[in-house]
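# A look at the structure
Below, each chain spelled out in residue letters.
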Amino acid sequence: MDVTIFHNPACGTSRNVLGFLRERGIDPRVVEYLKTPPSRDEVRELARQSGGPLRDLLREKGTPFAELGLGDESLTDAQLLDAVQAHPILLNRPIVVIGDKAKLCRPSETVLAFLDDAGA
């Protein structure tokens with residue numbers, strides 16, 4: 001089973017989720033998204049795979065979210081994608097992808113149910 005985690009090693013939640021995956025015997029593809037940011041299309045696809053709006057994948061705390069005015073609900077996905085491309089820290093983490101589904105795994109225990117639902 002192919003599993004990918006969009007990971008920030010400085011984030012405790014992200015480290016915990018990676019640990020849960022490895023405890024289950026899963027060796028995921030680890031994308032340190034601050035070093036290797038996903039493309040606009042990849043971020044758009046993550047939102048689609050998660051089943052929610054792109055806005056749900058944005059992180060407010062510890063990011064330029066407020067100073068960029070990203071709380072403005074009138075902003076389009078294209079504008080949000082522009083912001084994520086300029087500031088990858090805006091992408092919340094960890095996002096885990098299993099097959100054709102993605103999930104923001106906060107709190108970290110969320111990944112356990114996601115794995116169970118995926119049969120992993």
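- Going by the annotation in an unreviewed UniProt entry, the name recorded for the protein chain is Arsenate reductase, with Sphingomonas rosea given as the source organism.
- What the UniProt record of the protein chain gives under Sequence similarities (unreviewed entry) is the line "Belongs to the ArsC family."
- The UniProt entry for the protein chain carries this comment under Catalytic activity (unreviewed entry): "[glutaredoxin]-dithiol + arsenate + glutathione + H(+) = glutathionyl-S-S-[glutaredoxin] + arsenite + H2O".

## Let's talk about the nonpolar core
- Ranked by internal contacts, the top residues of the largest apolar core, which has 22 residues, are Phe6, Leu46, Leu57, Leu70, Leu91 and Ile95.
- Breaking this core down by element, the ones donating at least two residues are helix H2 (40–50), helix H3 (77–86), strand S3 (95–98) and strand S4 (101–104).
- The leading source of residues in this core is H3, at 4 residues.
- Beyond its immediate chain neighbours, meaning those up to four positions away, Leu70 contacts Arg55, Phe65, Leu75, Leu80, Ala83 and Leu90.

## Examining unusual backbone geometry
- Backbone torsion omega between Arg93 and Pro94 reads -5 degrees, so that peptide bond is classified as cis.
- Within the element layout of this structure, Pro94 appears in the loop between H3 and S3.
- Here the amide bond leading from Arg106 into Pro107 is cis, since omega sits at -5 degrees, within 30 degrees of zero.
- Positionally, Pro107 belongs in the loop between S4 and helix H4 (110–118).

## Things to note about the packing of helix H1 (residues 12–23) against H4
- At a closest axis distance of 9 Å, the pairing of H1 and H4 adopts a crossing angle of 35 degrees. Considering only the axes of H1 and H4, their crossing is right-handed. Across from Val17, Phe20 and Leu21 in H1, the residues of H4 making contact are Val111, Leu112 and Leu115.

## Points about the environment of Asn92
- Mapped onto the secondary structure, Asn92 falls in the loop between H3 and S3.
- Sequence separation between Asn92 and Val3 is 89 residues, and the spatial gap between their C-alpha atoms is 18 Å.
- What Asn92 contacts, discounting residues up to four positions off in sequence, is Leu57, Leu58, Arg59, Leu104 and Arg106.

## Things to note about the pairing of strand S1 (residues 3–7)
- In terms of burial, S1 is largely enclosed, as 5 of its 5 residues are buried.
- By the alternation rule, side chains of S1 split into Val3, Ile5 and His7 and Thr4 and Phe6, which are all buried.
- The pairing of S1 with S3 spans 4 bridges and is classified as antiparallel. Residue pairing for S3: Thr4 is matched across the bridge by Val97.

## Some thoughts on the side chain of Asn8
- On the secondary structure map, Asn8 appears in the loop between S1 and H1.
- Sequence-distant contacts of Asn8, that is, excluding residues within four places in its chain, are made with Ser14, Tyr33, Leu34, Ile89 and Arg93.

## Considering the pattern of salt bridges
- Per the counting criterion, the structure on display carries 6 salt bridges.
- Salt-bridge contacts for Arg48 lead to Glu45; the nearest nitrogen and oxygen are separated by 2.5 Å. Residue Arg48 and its partner Glu45 are both found in helix H2; the two are separated by 3 residues, about one turn of the helix.
- Among the residues examined, Arg48 registers a relative accessible area of 53% and is labelled exposed.

Procedures and definitions
- Residues numbered from 1 in each chain as written.
- Predicted model: local features only at pLDDT ≥ 70, side-chain atom pairs only at ≥ 80, totals over all residues.
- Heavy atoms only, no water.
- UniProt positions renumbered as here; feature names shortened; annotations may be inferred.
- Core = buried A, V, L, I, M, F, W, Y, C linked by side-chain atoms within 4.5 Å.
- Buried < 20%, exposed > 50% of the residue type's maximum accessible area, 1.4 Å probe, protein only.
- Helix = DSSP H or I, 4+ residues; strand = E, 2+ residues; numbered from the N terminus.
- Contact = heavy atoms within 4.5 Å.
- Axes fitted to C-alpha atoms, helices over the stretch in contact; angles between N-to-C directions.
- Left-handed = near helix turned anticlockwise from the far one by under 90°.
- Pairing = 2+ DSSP bridges.
- Salt bridge = Lys/Arg side-chain N within 4 Å of Asp/Glu carboxyl O.

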